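Remarks on the overall topology
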Amino acid sequence: MAFFFAQLLTGLANASSLFLVASGLSLIFGVTRIVNFAHGSFYMLGAFIGVTLMEVLPGHFGFWGSILLTGLAVGLIGAIVEIVVLRPIYRAPELFQLVATFGVILVIQDLTLMIWGAEDRLGPRAPGLRGIWRIFGEPVPKYDIVLIAMTPFILFGLWYLITRTRLGVLVRAATQDREMVGALGVNQAWLFTGVFALGSALAGWGGALQLPKGGADLLMDFNIIGTIFVIVVIGGMGSLPGAFIAAVLISVLNVLGVTYLPSSTLVLMFVVMAVVLIIRPYGLLGREEVAGEHGQVGAPETPIRPYGRLGQAVIAGLLVLMALLPLVADQFLLILTIDMIVFALFAASLHFILGTGGLVSFGHAAFFGGGAYAAALLVYHFDTPMEIAFLFAPLAAGLLALGIGWFCIRLTGVYFAMLTLAFSQLVWSLAYQWRAVTRGDDGLISIWPTDWLSGTVPYYYFTLILGVGGILFLRHVIHAPFGYALRAGRDSPRQAEAMGIDVKRIQFAAFALAGVMAGLAGGMFVFSKGSVFPTELEIAASFDALIVVFLGGVKTLAGGVVGAGFMTVVEDWLTRLEYWRLLLGLVIIAVVIIAPEGIVGSIRSAWARYRGTGDEEVAK
Amino acid sequence: MSEILRVENLKKSYDGFVAVNGVSFGVAKGELKALIGPNGAGKSTCFNMLTGQHRPTEGEVFLDGENITGRKTRDVWRKGVGRTFQITGTYQSMTVIENVQMALMSHHRKLFSMMPRAWKLYRDEAFEFLDTVAMADQADRPCSVLAYGDLKRLELAIALTHRPRLLLMDEPTAGMAPSARIELMQLVADIVKDQGVSVLFTEHDMDVVFAHAHHIMVLNRGELIADGSVTEVRNNPQVQEVYLGGGTLFKEEDAHA
Ligand SMILES: Nc1ncnc2c1ncn2[C@@H]1O[C@H](COP(=O)(O)OP(=O)(O)O)[C@@H](O)[C@H]1O
Ligand SMILES: [Mg+2]
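Below: a short report on this structure. None of the values given here were measured: they were computed from a predicted structure.

Attention now moves to the pattern of salt bridges. Residue and element names in this part refer to chain A. Tallying each qualifying case throughout the model produces 22 salt bridges over all chains. Where Glu 82 meets Arg 87, a salt bridge forms, and the shortest distance between an N and an O atom there is 4.0 Å. Note that Arg 435 is salt-bridged to Asp 441, the shortest N-O span being 3.4 Å. In this structure Arg 435 comes out as partly exposed when scored by relative accessible area, which is 43%. Assessed through its relative accessible area of 41%, Asp 441 is described here as partly exposed. Through salt bridges with shared partners, a single ionic network connects Arg 435, Asp 441 and Asp 442.

What follows deals with unusual backbone geometry. Residues and elements named next belong to chain B. Notably, Arg 163 is not glycine yet its phi reads approximately 45°, a positive angle. Look at Arg 163 and you get exposed, because its relative accessible area is 54%. Phi at Arg 221 is positive, roughly 45°, even though this residue is not glycine.

Turning our attention to the coordination of the magnesium ion (ligand 2). Residue and element names in this part refer to chain B. Within the protein, the magnesium ion (ligand 2) binds to Ser 44 (OG) and Gln 86 (OE1); these donor distances fall in the range 2.1 to 2.2 Å. Of the two residues, Ser 44 is situated in helix H1 (residues 43-50) and Gln 86 in the loop between strand S6 (81-84) and helix H3 (96-107); the sequence distance between them amounts to 42 residues. Gln 86 gets classed as buried once you look at its relative accessible area, which sits at 19%.

All names here are of chain B. All residues adjacent to ligand 1 are Tyr 14, Phe 17, Ala 19, Pro 38, Asn 39, Gly 40, Ala 41, Gly 42, Lys 43, Ser 44 and Thr 45. One nitrogen or oxygen atom from the main chain of Ala 41 is found 3.2 Å from an oxygen atom belonging to ligand 1. One of the side-chain N or O atoms of Ser 44 is found 2.8 Å from an oxygen atom in ligand 1. At the level of secondary structure, the elements contributing two or more residues to the shell around ligand 1 comprise strand S2 (17-28) and H1. Element by element, the count of residues in the shell around ligand 1 is highest for H1, at three residues. Partitioning the shell around ligand 1 into residue classes produces five nonpolar, five polar and one charged.

Calculation rules
Residues numbered from 1 in each chain as written. Chains lettered and ligands numbered in written order. Predicted model: local features only at pLDDT ≥ 70, side-chain atom pairs only at ≥ 80, totals over all residues. Heavy atoms only, no water. Salt bridge = Lys/Arg side-chain N within 4 Å of Asp/Glu carboxyl O. Buried < 20%, exposed > 50% of the residue type's maximum accessible area, 1.4 Å probe, protein only. Donors = N, O, S within 2.8 Å, 3.2 Å for Na, K, Ca; no water. Helix = DSSP H or I, 4+ residues; strand = E, 2+ residues; numbered from the N terminus. Near = heavy atom within 4 Å. Polar contact = N/O pair within 3.5 Å; in protein donor to acceptor, adjacent residues only side chain to side chain. Nonpolar A, V, L, I, M, F, W, Y, C, P; charged D, E, K, R; others polar.

None of the figures reported here should be taken as evidence of function without further support.
What follows is the structure in structure tokens.
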């Protein structure tokens with residue numbers, strides 16, 4: 001019992017830092033609607049800046065002063081990021097900013113590496129709080145008790161800020177009704193900057209406060225971000241008390257998990273989140289996101305059209321070139337092209353559900369990796385011939401998508417995104433921890449194709465036919481009634497329901513189809529590499545696909561395909577450099593700012609402008 | 001004349017606030033009936049309960065004798081009830097005619113079909129519907145660039161595609177110029193006559209109402225205070241109080257509140 005109580009205290013102590021970081025994310029989301037994936041990076045910066053300051057400033061005053069200064073410094077960095085990167089793109093399609101924040105993550109990672117080096121830093125002990133106190137005979141670090149004691153003050157401080165100050169009034173107004181901010185006579189741009197800075201500062205404080213318990217290392221950003229999102233989503237996006245309750249819940253759960261179910265804490269957390277979202281779709285204290293009566297946010301899309309003569313000729317020409325590629329290309333280029341095609345199909349399947357369906361999935365890798373694993377497991381355990389095992393890749397992925405979709409489709413927006421993320425984490429944890437079947441992170445190896453496909457050239461053609469076929473099929477479906485119905489549900493669910501369309505059912509079917517196609521890509525992937533590892537199921541794998549789709553352009557299927565090609569080449573090229581993350585991050589941010597419609601979208605607009613026709617407008 | 005729609009004791013409350021309070025009425029077949037009342041009277045809420053957007057707190061709705069209370073919007077539509085909204089919700093990423101084709105695809109139950117090219121389907125049929133509302137010349141424009149009045153007419157065309165028995169129109173002429181209003185309602189009146197559709201509509205412009213409605217109902221603070229012929233309602237002292245006495249003879253400015 002005493003041990004249990006001590007565990008509870010540890011959990012509560014961890015919660016204080018988590019709550020700070022989560023409340024920052026929640027504030028930023030509430031006001032700006034930006035899902036800030038770089039939030040973990042501000043947390044990491046907080047830790048590194050805190051360590052450095054604490055080395056310089058001695059004593060009690062130095063320690064607490066450093067923490068205070070750290071928050072201010074990180075807040076300043078946040079303000080700069082907001083002004084430079086985010087401000088230009090608030091008008092871009094919803095969730096597009098996500099990609100920009102991903103670029104920010106990469107940039108901050110490498111900058112941190114440049115400045116502080118690759119070594120982990122141990123956080124200094126808090127002066128005067130080095131030892132332990134015994135509570136019911138169990139040792140509890142003094143610093144933990146101080147943290148626990150501080151948490152109510154933090155909560156109160158934030159509560160006061162939000163409910164009793166002018167800034168708070170503005171923040172709440174903006175959270176509830178974005179148009180009202182304009183009516184209040186506030187410069188919206190500076191409100192956003194201010195809130196972003198405040199949110200970043202909170203993350204920085206969180207990073208500095210946890211120093212005596214942890215330290216600073218370069219993996220902190222990714223390690224924390226999953227947890228923080230889970231907390232914010234469980235608590236309810238935009239709700240501070242919700243974030244607090246969820247922070248306590250998750251921290252305690254983590255501590256207990258470490259003791260009783262070691263190495264499954266991540267899974268545990270995502271299971272809790274999935275359960276909460278299934279019972280309360282908008283989190284514990286979150287409010288239902290009322291979809292705007294006006295349908296889509298951002299500039300409306302132009303109507304889709306089948307390719308004209310010119311378009312068809314270009315596509316046909318490209319296909320002929322690709323078919324002739326083995327005549328001139330070396331092994332390396334062929335394999336790179338195979339990678340590109342596989343990735344393009346994966347991205348196209350995500351685009352189908354994201355662009356056409358308007359459902360932003362954060363867990364699409366579950367179907368890619370799931371398909372790859374399904375085939376690999378059959379080959380590995382049962383020596384199934386490749387021809388049969390391969391078929392199981394799309395099949396299993398489709399079934400998985402049916403299962404996951406059944407839970408997720410009822411949600412929308414960020415909540416849909418987070419629940420898909422949670423389920424993909426579940427799949428990942430299965431692959432990672434069910435070692436008896438999946439061999440964990442040793443992966444499944446020696447998964448080679450049948451004899452007649454074993455050469456690079458035959459496999460190239462195999463990939464070309466299936467990959468391009470899959471992409472063209474998706475394109476065909478987009479132009480078919482099913483694709484139109486999917487788009488109708490995205491543009492205006494109310495109108496769609498009022499003309500007999502079962503929007504959720506259409507979306508469910510589309511989700512499954514996207515899963516099948518991602519699984520097909522996964523099957524092609526596993527036999528081309530000969531192995532599969534849990535990394536294919538990681539969050540990062542899902543994000544790769546997201547980035548590619550956004551970079552290429554959400555509005556056309558070609559966007560995903562071009563984005564995938566672009567990314568494969570750029571990555572292959574950049575990863576040879578030392579600070580490739582920095583460069584990649586800058587490239588991503590640059591594309592996002594310069595070409596907010598994505599590569600393909602921008603080319604299309606430029607082409608339309610050049611032709612002078614545009615998509616409109618007949619003189620009235 | 002028998003009734004296409006019968007509403008009994010319909011009530012809707014939001015956390016204690018009663019938006020619609022025990023409303024009962026009927027709509028006869030082939031009738032053009034207006035539901036009027038000041039802003040916030042509960043007209044849209046009423047419509048939303050009839051077509052399944054909201055579930056009534058109490059009361060029942062019968063369509064041609066069949067109880068459809070609480071049925072889903074799409075089921076009510078399949079039963080032959082068309083609907084336009086106070087705030088239009090057409091598909092921004094489609095052309096004008098594709099919006100109509102979409103409704104036709106749904107009507108012909110082609111929604112899950114993955115093979116045919118959607119833009120070729122039912123194009124001629126869609127043209128006819130656009131022609132009915134004089135929008136055929138704009139068929140291939142993107143919906144996102146339409147003028148507000150044109151959107152309203154497009155909505156009407158869409159609502160007619162499944163040849164509804166009953167059409168509910170929530171402020172069909174809001175945001176239009178006065179001449180265009182009369183024109184649109186004339187169109188609706190013609191459709192009522194030609195196709196035998198029954199129409200229930202809400203409207204702020206009294207000229208439109210008095211010119212076209214066969215019967216008028218007046219809703220005030222969630223309660224039905226009058227239901228009768230145009231002259232009856234005009235001469236009803238309670239209605240005069242709400243409208244004329246209160247001085248809030250409807251103004252266009254209120255219509256979007
Ligand atoms: N979702 C809701 N929650 C709370 N109150 C609502 C809601 N929808 C409508 N109301 C209220 O119900 C009343 C009737 O609204 P409405 O039916 O839109 O009126 P009308 O269409 O006659 O102008 C209004 O006072 C409105 O504020
Ligand atoms: Mg209304």
